[in-house]
Amino acid sequence: MRFIGDYPAKADAKGRVFLPAAFRKVMETEGEQRLIVRPDLFQPCLVLYPESLWNEMLDTMRSRLSRWNGQHQNIWRRFVSDAEVVELDSNGRLLLTKRKLQYAGIDQDVRFLAVDDHIEIWDKTKIESMLSAENNLGEDLQEVMDRMAE
């Protein structure tokens with residue numbers, strides 16, 4: 001499953017936001033009903049995973065973390081405890097909790113960014129600032145790809 005696109009949206013006072021129709025269509029085509037939302041590990045945004053991808057990720061993580069290692073158990077606990085199941089209502093909206101919105105600094109204006117097999121939800125101002133920061137994507141990509149070819 002692959003998502004493509006960058007879509008603006010608005011969260012209402014209750015934290016409901018419309019999932020872009022292009023994303024709903026991909027999910028529908030793949031037979032996905034539910035999404036899992038959790039804070040991103042590295043950026044101030046939320047990440048939506050189709051439930052099947054989430055389950056694959058958990059299986060991979062679980063296979064690499066020992067149930068008999070305290071540090072591993074703490075990593076597992078912290079990762080899964082911040083996840084929540086979200087389902088779309090009949091209008092195609094999902095409900096984001098206040099705690100999740102606060103983590104990402106989302107007030108009202110949001111942007112949904114497709115990131116291959118998952119979706120990021122950003123505060124509009126934060127992502128625009130990050131994306132407009134001076135950098136040269138072409139040079140950065142060339143450097144990384146050249147290093148990988150060695």
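Scroll up for the structure.
Residues numbered from 1 in each chain as written. Predicted model: local features only at pLDDT ≥ 70, side-chain atom pairs only at ≥ 80, totals over all residues. Heavy atoms only, no water.

Student: Help me understand the overall build of the chain in this model?
Tutor: Helices and strands together make up the secondary structure of the chain, namely 6 helices and 8 strands. Helices and strands appear in the chain in the N-to-C order β-β-α-β-β-α-α-β-β-α-β-β-α-α. Summarising its shape, the C-alpha atoms of the chain cover approximately 45 × 40 × 30 Å along the three principal directions. The buried share of the chain, taken over its 150 residues, is 33%. Sequence-distant contacts, at least 24 apart, represent 57% of the contacts inside the chain between residues at least 6 apart. A gap of 8 Å separates the mean positions of the 21 positive and 26 negative side-chain charges of the chain. (Helix = DSSP H or I, 4+ residues; strand = E, 2+ residues; numbered from the N terminus. Buried < 20%, exposed > 50% of the residue type's maximum accessible area, 1.4 Å probe, protein only. Contact = heavy atoms within 4.5 Å. Lys, Arg positive; Asp, Glu negative; His and termini not counted. Charge placed at Lys NZ, Arg CZ, Asp CG, Glu CD.)

Student: Just checking my understanding: could you explain the pattern of salt bridges for this structure?
Tutor: Think of it this way: side chains of opposite charge can pair up when their charged atoms draw near. What the rule picks out here adds up to 14 salt bridges. When the shortest N-O distance is used, the salt bridge between Asp82 and Lys100 registers 3.7 Å. Of this pair, Asp82 sits in the loop between helix 3 (70-81) and strand 5 (84-87) while Lys100 is found in helix 4 (residues 98-104), placing the two residues 18 residues apart along the sequence. Residue Asp82 is classed as partly exposed on the basis of its relative accessible area of 22%. For Lys100, a relative accessible area of 2% puts it in the buried group. Glu143 is paired through a salt bridge with Arg147; the nearest N and O atoms lie 2.6 Å apart. Remark: Arg147 and Glu143 occur in helix 6 (residues 137-149); sequence separation between them is 4 residues, near one turn of the helix. Taking the relative accessible area as the measure of exposure, Glu143 reaches 47% and is therefore partly exposed. A cluster of three or more residues bridged by salt bridges with shared partners is formed by Asp6, Arg111, Lys124 and Glu128. (Salt bridge = Lys/Arg side-chain N within 4 Å of Asp/Glu carboxyl O.)

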